[in-house]
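Structural overview
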Amino acid sequence: MTYRLEPVLKREEIEGRIIELGKKLSADYEGKELVLVCVLRGSAYFTVDLSRQLTIPFALDFIAISNYSHDTDPLGIVKITKDLDTSISGKEVLIVEDIVDTGLTLNYLLRNIKTRHPAGLRVCTLLNVPSRRIVDVPVDYQGFELPNVFAVGYGLDYHEKYRNLLDIYSLIEE
Amino acid sequence: MTVITVSRQFGAGGELVAQTLAKKLGFLLVNREVIAGGLKEMGLPAQMIRFDERTGHSEEWEKTRRFYLTALHEYIMDMAEKESIVLLGRGGQFLFRNRPDAFHLFIRASYSQRVEWIQEINGLEKKAASLLVREQDRRRKRYIRQVFDQSWYNMELYDLILNTGKISPQGAAKIALQVFTKINQAEKRKIERPQPELTGEKVSRVSFMHPSEKEFAKVLDYYNIPWEYEPDTFPLQWDGEGRVTEAFSPDFYLPEQKMYVELTTQRQKLVWKKNKKMRRLKELHPEINVKIVYGKDYHSMLKKFGLDV
């Protein structure tokens, strides 16, 4: 199977939108104890760029969740492979995702983080693909809503490739 | 059948609560004895239960342990199919996590209260009792972490948590019984759909018509989303004699999301037919929530999960 890439979002568009998001977040979280929870790995790129646009103080933490793959044990379940290093109890948590599509990962994450009693819990995603949603999840801040494309670039990968592309592309089968 | 799991801190009187519940409800109490008996039936040495409670020493040990745990879990799940049970410990809260009608109870008490009770029951000095309680707490935490890779103290796992230090084990059993009975009654009334029981199914026990459905179910299992396969059929058209000429059976029902899911992985021509059925369904049943996962969506999902070849 061969693939080609079709541009979907240019770097300038992405940067511009991140600047807007940064302003909005700085206003909304003014005076609050904000913790950015970056969901490894794709989201790292977006999180770093987004955090640079914040004019308010914030803490940064990382979380990683196991991914389903074809060789997953049939009795296997999703779990946290790298947990947060700090306590988020009583803090304002903002989960930063690169993309929300099926909602399966985010659903699990939200359930898990809720049990730690943050003062607030919201979601910020660069890309939202609602047409692929299987489980309803709240999205409080989003960069762009995309139609049903397989997005790569700017942190998003396909079998580990393409994360370093500056633009976002749609991966299309030939 | 119905499942009640009783998870408990050591020394909190969880066993008494479980026994009372089982007796009052007429359910089978599944405790260590019953399990040992089951092992014997399966032709396994009763000492195998040791694998349940110790940590691994070698790869050989771990291998045998995994084998034992698989057999144990199969045994418990089989029993739960045949009769209603009260399962004491054994990670029941995880084994039946995907079963929406299972009731998960956690029995706890403060450390000092448990030490006091252990002293009384076992005739121990305070120091010995304290050591015992602490060691058992550690052991259980470790067991859950090792076997299920989860935190024992995750509140999301339990429907009711009771402090027997304040309520007493007998009081806790009474309360649990009341709550469980109330929930059961509510569940029975909630059933508007022609469905006998809300149970989460297991991929291994269902024969899927299409591999894409099986894959989808596996993904749902992985993310702890309960599902049912082809649970309902909706008649769409009738002939002059009132016989059903067309019907729609969505592939999945997700009880938590209260939504049906229909996978459509075929070509455009057939997708059109399905859309027509969907519209008809919406006309007849506007309250029903159905999501169609189109071929493209589905392939994207497969790509994302590394399932495409």
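Residues numbered from 1 in each chain as written. Chains lettered and ligands numbered in written order. Predicted model: local features only at pLDDT ≥ 70, side-chain atom pairs only at ≥ 80, totals over all residues. Heavy atoms only, no water.

**Here's the deal with the overall build of chain A**
Rules: Secondary structure elements are defined from DSSP: runs of H or I of at least 4 residues count as helices, runs of E of at least 2 residues count as strands, and each element is numbered from the N terminus. For each residue, the accessible area found with a 1.4 Å probe, counting protein chains only, is set against the maximum for its type, and the residue is called buried under 20%, exposed over 50%, and partly exposed in between. Whether two residues touch is decided by their heavy atoms; if any such pair falls within 4.5 Å, the residues are in contact. In this description, accessible areas are obtained by the Shrake-Rupley approach with a 1.4 Å probe, and a residue is regarded as covered only by the protein chains that are shown.
Along its length, chain A carries 3 helices and 9 strands. Burial statistics for chain A: of 174 residues in total, 51% are counted as buried. Sequence separation of 24 or more characterises 67% of the internal contacts of chain A that already satisfy a separation of 6 or more. Of the roughly 8100 Å² that chain A leaves accessible, carbon and sulfur atoms contribute 50%.

**Concerning the sheet that holds strand 1 (residues 3-8) of chain B**
All names here are of chain B. What counts here: Think of it this way: DSSP has to see at least two bridges between two strands before they count as a pair. Only the stretch in contact is used when fitting a helix axis, every axis being a line fitted to C-alpha atoms; angles between N-to-C directions are given from 0 to 180 degrees.
The 5 strands are arranged 2-3-1-4-5 in an open sheet whose pairing can be described as parallel. Pairing within the sheet leaves two strands with one partner each, and these edge strands are strand 2 (28-30) and strand 5 (160-163). For this sheet, the mean angle separating the axes of adjacent strands, direction not counted, is 20°. Where strand 1 meets strand 4 (residues 103-108), 5 bridges bridge the pair, whose relative direction is parallel. When the bridges of strand 4 are listed, Thr 5 appears paired with His 104. Across the sheet, helix 1 (residues 14-25) touches strand 1, strand 2, strand 3 (85-88) and strand 4, and the angle it forms with strand 3 is around 175°.

**Looking at unusual backbone geometry**
The peptide bond linking Leu40(A) to Arg41(A) adopts the cis configuration, its omega dihedral lying at 5°. Along the chain, Arg41(A) falls in the loop between strand 2 (34-39) and helix 2 (43-51). One non-glycine residue with positive phi stands out, namely Tyr154(A), at about 50°. One can find Tyr154(A) in the loop between strand 8 (151-152) and strand 9 (168-173). Taking relative accessible area as the criterion, Tyr154(A) reaches 9% and is therefore assigned buried. We note that Asp149(B) has phi near 50°; this positive angle belongs to a residue other than glycine. Mapping Asp149(B) onto the fold places it in the loop between helix 7 (126-148) and strand 5. Asp149(B) gets classed as partly exposed once you look at its relative accessible area, which sits at 27%.

**Observations regarding the packing of aromatic side chains**
The following threshold applies: We call Phe, Tyr and Trp rings a pair once their centres come within 6.5 Å, taking the six-membered ring for Trp, and we label the pair stacked below 30 degrees between planes, edge-to-face above 60, and tilted otherwise.
Applying the stated criterion to the full structure yields 19 aromatic pairs over all chains. A ring pair is formed by Tyr68(A) and Tyr222(B), whose centres lie 5.3 Å apart and whose planes are at 70°; its orientation type is edge-to-face. Within this pair, whereas Tyr68(A) is found in the loop between strand 3 (59-65) and strand 4 (80-82), its partner Tyr222(B) is found in helix 10 (residues 211-222), the two belonging to separate chains. Relative to Phe252(B), the ring of Trp227(B) has its centre 5.8 Å away and its plane inclined at 80°; by these criteria the two rings are edge-to-face. Here Trp227(B) is found in the loop between helix 10 and strand 6 (228-229), whereas its partner Phe252(B) is found in strand 9 (residues 252-254), with 25 residues between them in sequence. Residues Trp227(B) and Phe252(B) agree in their burial class; the two are buried. One aromatic cluster is present, formed by Phe208(B), Phe216(B), Trp227(B), Tyr229(B) and Phe252(B) through successive ring pairs.

**Brief notes about the sheet that holds strand 6 of chain B**
Strands belonging to one sheet form pairs held by backbone hydrogen bonds; the direction of such a pair is parallel or antiparallel. If you trace the 4 strands from one edge of the open sheet to the other, you get 6-9-10-11 (chain B), paired in mixed fashion. Strands with a single pairing partner mark the edges of an open sheet, and in this sheet they are strand 6 and strand 11 (290-294) of chain B.

**Description of the confidence of the model for chain B**
All names here are of chain B. Rule in force here: For every residue, the pLDDT score states the predictor's confidence, bounded by 0 at the bottom and 100 at the top.
Taken over all residues, the pLDDT of chain B has a mean of 83, while the share at 70 or more is 85%. Across chain B, element-level confidence peaks in strand 5 with a mean pLDDT of 96 and bottoms out in helix 3 (residues 50-53) with 66. Two numbers describe this predicted complex: its pTM, 0.57, and its ipTM, 0.84.

**Some remarks on the side chain of Arg114(B)**
Looking at the secondary structure, you find Arg114(B) in helix 6 (residues 111-122). Not counting chain neighbours up to four residues away, the residues in contact with Arg114(B) comprise Gln9(B), Phe10(B), Gly11(B), Ala12(B), Ala109(B), Val133(B) and Asp137(B).

**As for helix 6 of chain B**
Residue and element names in this part refer to chain B. This is how it is decided: A helix is expected to reach a length of 1.5 Å times the quantity of its residues less one.
Across its 12 residues, helix 6 extends 16 Å between first and last C-alpha, which sits within 8% of the 16 Å expected from 1.5 Å per residue. Residues Gln 113, Arg 114, Val 115, Trp 117 and Ile 118 constitute the buried set of helix 6. Taken from the residues just after helix 6, Gly 123 is the one with a positive phi, measuring 60°.

**Here we look at helix 3 (residues 104-114) of chain A**
In terms of burial, helix 3 of chain A is a largely internal element, 9 of the 11 residues being buried. Every buried residue of helix 3 of chain A is listed here: Leu104(A), Thr105(A), Leu106(A), Asn107(A), Tyr108(A), Leu109(A), Leu110(A), Asn112(A) and Ile113(A). At its buried positions, helix 3 of chain A is contacted by strand 2, strand 3, strand 4, strand 5 (92-100) and strand 6 (120-128) of chain A together with helix 10 of chain B.

**Section: the packing of helix 1 (residues 11-28) of chain A against helix 2 of chain A**
All names here are of chain A. Test applied: Note that the term roughly parallel is reserved for angles under 35 degrees, roughly antiparallel for angles over 145, roughly perpendicular for angles of 65 to 115, and oblique for everything else. Left-handed describes a crossing in which the near helix is turned anticlockwise from the far one by less than a right angle; the clockwise case is right-handed. Three residue categories are used. Nonpolar comprises Ala, Val, Leu, Ile, Met, Phe, Trp, Tyr, Cys and Pro, charged comprises Asp, Glu, Lys and Arg, and polar comprises the others, including Gly.
The interhelical angle for the contact between helix 1 and helix 2, taken along N-to-C directions, is 60°, at an axis separation of 9 Å. As far as their axial angle goes, helix 2 and helix 1 are oblique. In the packing of helix 1 onto helix 2, the handedness of the crossing is right-handed. Within the contact between the two elements, helix 1 uses Ile 18, Leu 21, Gly 22 and Leu 25 and helix 2 uses Phe 46, Asp 49 and Leu 50. Residues that form the contact of helix 1 with helix 2 fall into these classes: 5 nonpolar, 1 polar and 1 charged.

**Regarding the environment of Ile134(A)**
As for its placement among the helices and strands, Ile134(A) is situated in the loop between strand 6 and strand 7 (141-145). Along the sequence, Ile134(A) and Leu104(A) sit 30 residues apart, while their C-alpha atoms lie 7.1 Å from each other.

**Brief notes about the environment of Asp157(A)**
Residues and elements named next belong to chain A. Rule in force here: Polar contact is defined as a pair of N or O atoms within 3.5 Å, subject to the rule that within protein one atom must be able to donate a hydrogen and the other to accept it, and that residues adjacent in sequence are counted only when both atoms are side-chain atoms.
With respect to the helices, strands and loops of the structure, Asp 157 is situated in the loop between strand 8 and strand 9. The exposure class of Asp 157 is partly exposed, given its relative accessible area of 23%. Through-space distance from the C-alpha of Asp 157 to that of Arg 41 is 9.4 Å; in sequence the pair is 116 residues apart. Sequence-distant contacts of Asp 157, that is, excluding residues within four places in its chain, are made with Phe 150, Val 152 and Arg 163. At 3.5 Å, the side chain of Asp 157 and the backbone nitrogen of His 159 are in polar contact. Polar contacts involving the side chain of Asp 157 include one to the main-chain amide nitrogen of Glu 160, which spans 2.6 Å.

**What about the pairing of strand 7 (residues 234-238) of chain B?**
Residues and elements named next belong to chain B. Sheet analysis places strand 7 next to strand 8 (residues 244-248), joined by 4 bridges and oriented antiparallel. Following the sheet pairing, Phe 234 is matched in strand 8 by Phe 248. Turn length for the strand 7-strand 8 hairpin, with the two strands adjacent in sequence and antiparallel, is 5 residues, and the turn residue Gly 242 shows positive phi of about 80°.

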